[in-house]
Amino acid sequence: MTTLVQEDQLTRPTYHEVTRDIVATLGRPSRMYYVLLGLVITVFAIGVVALLFQVRYGLGVAGYTPPVMWGVYIATFVFWVGIAHSGTLISAILYLFRSAWRTSVYRTAEAMTVFAVMTAGLFPLIHVGRIWYAYWLFPYPNQRQLWVNFKSPLLWDVFAVSTYFTVSTLFLIVGLIPDLAAVREKATGWRKKLYEITSLGWRGTDQQWRHYTRGYLYLAALATPLVLSVHSVVSWDFAMSIVPGWHATIFAPYFVAGAIYSGVAMVVTLLVPLRKVFKVERYITVEHFENLAKLLLLTGLIVGYAYAIEYFIAWYSGSPYERASFWNRAFGEYWWATWTMITCNGFLPLLLFSRKIRRSIPAMFVLSLFVNLGMWFERFVIIVVSLSFEYEPYAMGHYTPSWVEWAILAGSFAWFFMWFLLFAKNFPTVSITEVKEIIPMPRKERAHA
Amino acid sequence: MSAGAGGILASYVHVDAAADAIRALKAKGYRDFTVYTPVPNVEIAQAVRHRVSPVRLWTLLGGLTGCAAGFALTLWMSYDWPLVVGGRPIGSVIPYVVIAFELTILFGAGATILGLLFHSWRTKQTGPYDGRFTDDHIGIFVPCPVERRPDVEELLQASGAEEVRVET
């Protein structure tokens with residue numbers, strides 16, 4: 001974190017101030033907090049009602065129309081898995097690169113990862129219709145002695161997403177342990193009990209740090225290839241098929257870049273209100289937003305390049321089906337979705353070449369909302385528009401999402417924000433230990449000087 | 001250090017003072033002391049001079065087990081129910097790499113956590129503790145018999161401890 005490292009010794013926070021300021025974020029929630037929590041729980045309840053309606057009357061209540069049998073649910077699944085990715089990038093990959101600025105923002109990003117995967121994981125279950133048979137996705141000994149088909153990319157996805165959820169949850173919990181010990185010493189009542197249990201007896205002894213630092217390093221090392229693999233595997237759900245618009249070798253890097261892009265945007269969306277509400281402006285500074293803006297710009301340029309290259313390859317392949325599919329994307333009946341995606345993800349991030357915009361927090365917040373919107377539409381375009389316009393004219397169709405799908409989509413956002421709000425008031429959203437780590441410890445020789 | 005043993009507990013504000021104290025204790029032949037720090041610190045770690053944690057072996061073994069389990073699971077299940085899909089061989093190693101890769105990571109991470117818990121438990125240090133050690137102070141607890149306490153107390157004071165107290 002540039003500012004804390006470079007700040008003058010007199011203005012730089014002390015270790016005690018770091019603990020005090022971050023523990024203060026866990027204080028009594030304000031009325032606004034309860035209003036927000038009530039709002040997200042209400043929207044979540046609407047999503048649950050819509051889901052129960054679908055369970056009662058079957059998948060017919062979704063807007064699926066042959067040949068479009070993957071719609072909002074799968075687009076939203078890919079969207080949420082993508083959101084998760086930047087959390088691991090910031091917490092694990094930038095950790096391995098010893099990037100100091102990540103320390104103030106990584107906890108928020110990492111919690112976002114876990115809640116985003118929790119949200120994503122609901123959608124394949126909702127999409128299959130009979131949720132109560134979802135365990136069929138896993139290989140388990142059964143009466144008919146059937147096993148799952150390991151050659152299917154859909155099954156690779158089951159393994160990739162469940163591994164991702166497990167590892168990112170473990171990574172979040174391990175990172176929290178020293179912080180919970182610090183909070184434990186300041187807490188009272190039931191919260192003290194909670195932190196005593198969850199800090200697992202942490203006291204910061206030399207032996208504990210010896211094992212902890214190694215363990216954390218290896219978890220980061222394992223999470224790094226994992227994050228790159230998960231969205232590659234998700235992309236192969238599409239790329240392994242022969243649908244025009246899907247069958248492309250660029251899909252894995254294209255999806256990974258897009259995932260990090262949307263995830264960074266969601267980190268910005270979460271951090272802007274968080275730093276204000278929790279009064280942690282001293283720790284999450286304009287420098288952080290500028291660094292996040294640079295990440296957004298880089299990944300946005302990769303995504304923009306991927307959009308362009310997709311069109312180029314469709315033309316260069318000479319395949320009339322590919323050409324027609326991409327022409328349909330831009331000028332067919334879903335042209336509005338395609339141009340929303342291109343504008344939000346391809347053109348708007350170019351504004352980030354301006355230093356003034358990179359350092360403007362309101363501008364970054366607005367931009368992050370547009371990127372989130374654009375990235376959801378990207379998944380909608382890839383999935384729905386490609387399926388609606390395949391090889392045979394008689395197999396072309398139009399899909400319009402039903403109210404059930406929109407309600408479940410809204411409910412998924414509420415579910416995500418509900419977990420985040422609950423987390424933010426009970427666990428430190430800024431890492432106490434890692435913020436301290438980049439502040440030099442006081443030295444006797446310096447004090448005497 | 002045996003549980004409940006008495007000794008001297010010192011707290012420090014300055015990291016170099018604590019590192020000096022650790023080096024002086026080592027020079028006098030003390031090995032069985034505990035150092036508490038709010039964050040991992042290179043200077044302290046160099047003074048304590050622990051060997052590299054064996055947690056890495058758990059990661060390696062977990063990863064290798066996961067990889068082997070991934071291939072074993074997919075191949076065995078494929079041959080247990082030999083169904084030709086898309087004209088591909090029954091045991092198709094290339095698609096199974098994905099499963100093996102994911103299980104390598106999953107088992108590697110799980111084993112790392114188990115290793116971390118196991119070794120933290122095995123090398124548990126149960127001396128006296130002060131809540132400031134997770135905030136902004138460094139602590140050193142030296143278990144020692146009554147007759148050696150004045151020497152240890154003097155050594156810790158001389159190195160720049162903010163507070164030194166006897167723990168019984």
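Residues numbered from 1 in each chain as written. Chains lettered and ligands numbered in written order. Predicted model: local features only at pLDDT ≥ 70, side-chain atom pairs only at ≥ 80, totals over all residues.

1. Description of the overall build of chain B
- If you tally the helices and strands in chain B, you get 5 helices and 4 strands.
- Going from the N terminus to the C terminus, chain B shows its helices and strands as β-α-β-α-α-α-β-α-β.
- Its C-alpha radius of gyration of 25 Å places chain B more than 25% over the 15 Å reference for a compact globule of 168 residues.
- For the C-alpha atoms alone, the extent of chain B along its principal axes is close to 80 × 30 × 25 Å.
- In chain B, which comprises 168 residues, the share counted as buried stands at 45%.
- Nonlocal contacts in chain B, meaning residues at least 24 apart in sequence, comprise 83% of its contacts between residues at least 6 apart. (Helix = DSSP H or I, 4+ residues; strand = E, 2+ residues; numbered from the N terminus. Rg over C-alpha atoms; globule rule 2.2 N^0.38 Å. Buried ≥ 20, exposed ≤ 12 C-beta atoms within 10 Å, placed from the backbone. Contact = placed C-beta atoms within 7 Å.)

2. Here we look at the overall build of chain A
- Check the secondary structure of chain A and you find 18 helices and 0 strands.
- The C-alpha atoms of chain A give 23 Å as radius of gyration, which agrees with the globular expectation for 449 residues (22 Å, within 12%).
- Dimensions of chain A along its principal axes, counting C-alpha atoms only, are 85 × 55 × 40 Å.
- Across the 449 residues that make up chain A, the buried fraction comes to 49%.
- Look at the contacts in chain A between residues 6 or more apart in sequence, and 83% of them connect residues 24 or more apart.

3. Let's talk about helix H5 (residues 106–120) of chain A
- The terminal C-alpha atoms of H5(A) lie 20 Å apart, and with 15 residues this matches the ideal 21 Å at 1.5 Å per residue to within 8%.
- Extensive coverage of H5(A) is indicated by the burial of 14 of its 15 residues. (Expected span 1.5 Å × (residues − 1).)

4. A closer look at the interface of chain A and chain B
- Each side of the interface is counted separately: chain A has 49 residues, and chain B has 53 residues.
- Going through the elements one at a time, helix H2 (15–24), helix H7 (153–184), helix H9 (206–239), helix H17 (432–437) and helix H18 (444–448) of chain A are the ones with two or more residues in the side of chain A that touches chain B.
- When the residues that make up the side of chain A that touches chain B are grouped by side-chain class, the tally is 22 nonpolar, 16 polar and 11 charged. (Nonpolar A, V, L, I, M, F, W, Y, C, P; charged D, E, K, R; others polar.)

5. Some thoughts on the nonpolar core
- By size, the foremost hydrophobic cluster in this structure holds 149 residues, and its most contacted members are Val81(A), Met112(A) and Val267(A).
- At 17 residues, the largest contribution of residues to this core is made by helix H4 (residues 72–96) of chain A.
- Ignoring any residue separated from it by four or fewer positions in sequence, one finds Val267(A) in contact with Ser86(A), Val105(A), Thr108(A), Ala109(A), Met112(A) and Leu292(A).
- Grouped together as the second largest cluster of nonpolar side chains are 28 residues, Ala21(B), Ala47(B), Ile138(B) and Phe141(B) included. (Core = buried A, V, L, I, M, F, W, Y, C linked by C-beta atoms within 7 Å.)

6. As for helix H13 (residues 335–347) of chain A
- Buried residues of H13(A): Thr338(A), Met341(A), Ile342(A), Cys344(A), Asn345(A) and Gly346(A), and no others.
- On the buried face of H13(A), the contacting elements are helix H11 (286–316), helix H12 (320–331) and helix H15 (361–388) of chain A.

7. Things to note about the sheet that holds strand S2 (residues 34–36) of chain B
All names here are of chain B.
- Spatial ordering of the open sheet is given by S2-S3-S1-S4, a layout of 4 strands whose pairing is antiparallel. The outermost strands of the open sheet, each flanked by one partner alone, are S2 and strand S4 (163–167). Sheet twist, expressed as the mean angle between neighbouring strand axes with direction ignored, is 15 degrees.
- Bridge count for strand S1 (residues 7–12) against strand S3 (residues 138–143) is 6 bridges, and the pairing is antiparallel. Note that in S3 the partner of Ile8 across the bridge is Val142.
- Sitting on the sheet, helix H5 (residues 149–158) is in contact with S1, S3 and S4, with an inclination near 5 degrees to S1. (Pairing = 2+ DSSP bridges. Axes fitted to C-alpha atoms, helices over the stretch in contact; angles between N-to-C directions.)

8. Quick look at the pairing of S1(B)
Residue and element names in this part refer to chain B.
- In terms of residue burial, S1 counts as a mostly covered element, since 6 of its 6 residues are buried.
- Of the pairings in the sheet, the one linking S1 to S4 comprises 5 bridges and is antiparallel in character. Pairing of Ile8 across the sheet is with Val166, part of S4.

9. Some details on the environment of Trp415(A)
Residue and element names in this part refer to chain A.
- On the secondary structure map, Trp415 appears in helix H16 (residues 403–426).
- For the pair Trp415 and Met118, spaced 297 residues apart in sequence, the C-alpha to C-alpha distance is 9.1 Å.
- Not counting residues within four places of it along the chain, the set of residues in contact with Trp415 comprises Phe44 and Thr119.

10. A word on the environment of Gly139(B)
All names here are of chain B.
- Note on placement: Gly139 falls in strand S3.
- Residue class for Gly139 comes out buried when judged on the 26 C-beta atoms lying within 10 Å of it.
- Distance in space between the C-alpha atoms of Gly139 and Pro128 is 9.8 Å, their sequence separation being 11 residues.

11. Some thoughts on unusual backbone geometry
Residues and elements named next belong to chain A.
- Of note, the amide linkage connecting Pro66 to Pro67 takes the cis form, showing an omega dihedral of 10 degrees.
- Here the phi dihedral of Arg98 falls at roughly 55 degrees; this positive angle occurs in a residue that is not glycine.
- When you line up the elements, Arg98 lands in the loop between H4 and H5.
- Note on Arg98: 8 C-beta atoms within 10 Å, which makes it exposed.

12. Comments concerning the packing of H9(A) against helix H4 (residues 93–122) of chain B
- Contact geometry for H9(A) and H4(B): axes closest at 10 Å, N-to-C directions at 165 degrees. As judged from the angle between their axes, H9(A) and H4(B) are roughly antiparallel. When you trace H9(A) past H4(B), the crossing you get is left-handed. Across the interface between the two elements, Gln207(A), Gln208(A), His211(A), Tyr212(A), Gly215(A), Tyr218(A), Leu219(A), Leu222(A), Leu226(A), Ser229(A) and Val233(A) from H9(A) touch Val98(B), Phe101(B), Ile105(B), Gly108(B), Ala109(B), Thr112(B), Gly115(B), Leu116(B), His119(B) and Ser120(B) from H4(B). (Parallel < 35°, antiparallel > 145°, perpendicular 65-115°, else oblique. Left-handed = near helix turned anticlockwise from the far one by under 90°.)

13. Some details on the packing of helix H3 (residues 55–80) of chain B against H4(B)
All names here are of chain B.
- Interhelical geometry of H3 versus H4 gives an angle of 150 degrees and a closest axis separation of 6 Å. With respect to the hand of their crossing, H3 and H4 are arranged in right-handed fashion.
- For the contact of H3 with H4, the per-class residue count stands at 16 nonpolar, 13 polar and no charged.

14. So, the environment of Tyr79(B)
- Here Tyr79(B) shows up in helix H3.
- The spatial distance from the C-alpha of Tyr79(B) to the C-alpha of Ile90(B) is 6.6 Å, given a sequence separation of 11 residues.

15. Focus on the confidence of the model for chain B
- Overall, the predicted model of chain B reaches an average pLDDT of 91, with 97% of residues at or above 70.
- Scored by ipTM, the complex comes to 0.93, with pTM at 0.93. (pLDDT = per-residue confidence, 0-100.)

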